[in-house]
Amino acid sequence: MGIFRNLALLVAEGNQDYYFNLSFGDGVPISCTELEYLQSTGTQYINTGIAPDTLNTTVEIKYQYLNNLGTGNDSVMGSKGSSNVNRFYPSSRSSTTSDRMVLGNTVLNTPYDIEVHTALFNDANHDCYLDGKLVGNIGTNFTPHSQPMYMFALNITGTKSYQGACRIYYCKIWKNGELISHMKPCQNADGTLCFYDVVRKERFYNVGTGTFTYMHKAYPSELPE
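Structural notes, computed from the coordinates. (Residues numbered from 1 in each chain as written. Predicted model: local features only at pLDDT ≥ 70, side-chain atom pairs only at ≥ 80, totals over all residues. Heavy atoms only, no water.)

1. Thoughts on the pairing of strand β9 (residues 127–130)
Where we set the bar: By definition, two strands form a pair when at least two bridges between them are found by DSSP. A helix here means a DSSP run of H or I that spans at least four residues, while a strand means a run of E at least two residues long, and both kinds are numbered starting from the N terminus.
Where strand β8 (residues 116–121) lies against β9, 2 bridges are found, and the strand directions are antiparallel. If you follow Leu-120 over to β9, its bridge partner there is Tyr-129. Of the strand pairs in this sheet, β9 and strand β10 (residues 133–137) are connected by 4 bridges, and their pairing is antiparallel. Looking across to β10, one finds that Asp-127 is bridged to Asn-137. The antiparallel pairing of β9 with β10 creates a hairpin that spans 2 residues between the two strands, and Asp-131 there sits at a positive phi of about 55°.

Printed below as a string of structure tokens:
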């Protein structure tokens, strides 16, 4: 990667905006280092800019809760309009015992723990999976709305709520079967942390307080020929 970065710097000399945004294929820009995850203490969060404004909104997210902040509904991701029928929560805790997937008035419960999980929420058949295992059908009792989803928290009618102390490894969002977002945790060359969306080609930064922590990806060492 060092060779590619140096070449890109030569090509982009005098045009740092070009270097900052240059990427290859569906990867992150060469000005970024892709990370394993970003971790919130419970005060940092990300506004995805995407609202569940259609019933056919699907989310896949890899996450890990770290502890209980005592809010009763510590959350990894979601948003809600003015009533419960607007709830769209791929992962939101219930007290200290359950992790929940919530669509409108339908709630699917799984045991709460602090392991790493991958959730697939509201697929084309409105089924939900946790680590590849079917949790249940979330149904269609949901009224779409325009409140964008937050990561590391819920957006409740425009207000960050029920923030979670957790890690997020990646997040994908589909609408009507089309992938519209694939957020990857990254560190810019200047050290700032963000999620880079390889679909929208945009960076999304912390809009809360404090600073995310992170883990570098572990790449296998190449064996000598």
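The discussion continues.
2. Overview of the packing of aromatic side chains
Under the convention used in this document: Centres within 6.5 Å are what make two rings of Phe, Tyr or Trp a pair, Trp counting through its six-membered ring; a difference in plane orientation under 30 degrees is then read as stacked, over 60 as edge-to-face, and the rest as tilted. Throughout this description, buried means an accessible area under 20% of the type-specific maximum (1.4 Å probe, protein chains only), exposed means over 50%, and partly exposed covers the range between. Whether a charge lies above a ring is judged from NZ of Lys or CZ of Arg, which has to be within 6 Å of the ring centre and within 35 degrees of the ring normal.
Under the definition given, this model contains 8 aromatic pairs. Where Tyr-37 meets Tyr-169, the ring centres are 5.2 Å apart and the plane angle is 65°; that geometry is what we call edge-to-face. Here the residue Tyr-37 occupies a position in strand β1 (residues 32–39), and Tyr-169 occupies one in strand β14 (residues 166–175), the gap between them amounting to 132 residues. In terms of burial, Tyr-37 and Tyr-169 fall into one category: buried. Seen from their ring centres, Phe-152 and Phe-195 are 6.2 Å apart, and the 55° between their planes marks the pair as tilted. In this pair, Phe-152 is assigned in the loop between β11 (150–151) and β12 (154–156) and Phe-195 in strand β16 (residues 193–197), connecting sequence segments 43 residues apart. Since its relative accessible area comes to 0%, Phe-195 is described here as buried. Each residue in the set Tyr-63, Tyr-65 and Tyr-112 is aromatic and connected to the rest through ring pairs, giving one cluster. Sitting over the ring of Tyr-169, Lys-62 keeps its end group 4.9 Å from the ring centre.

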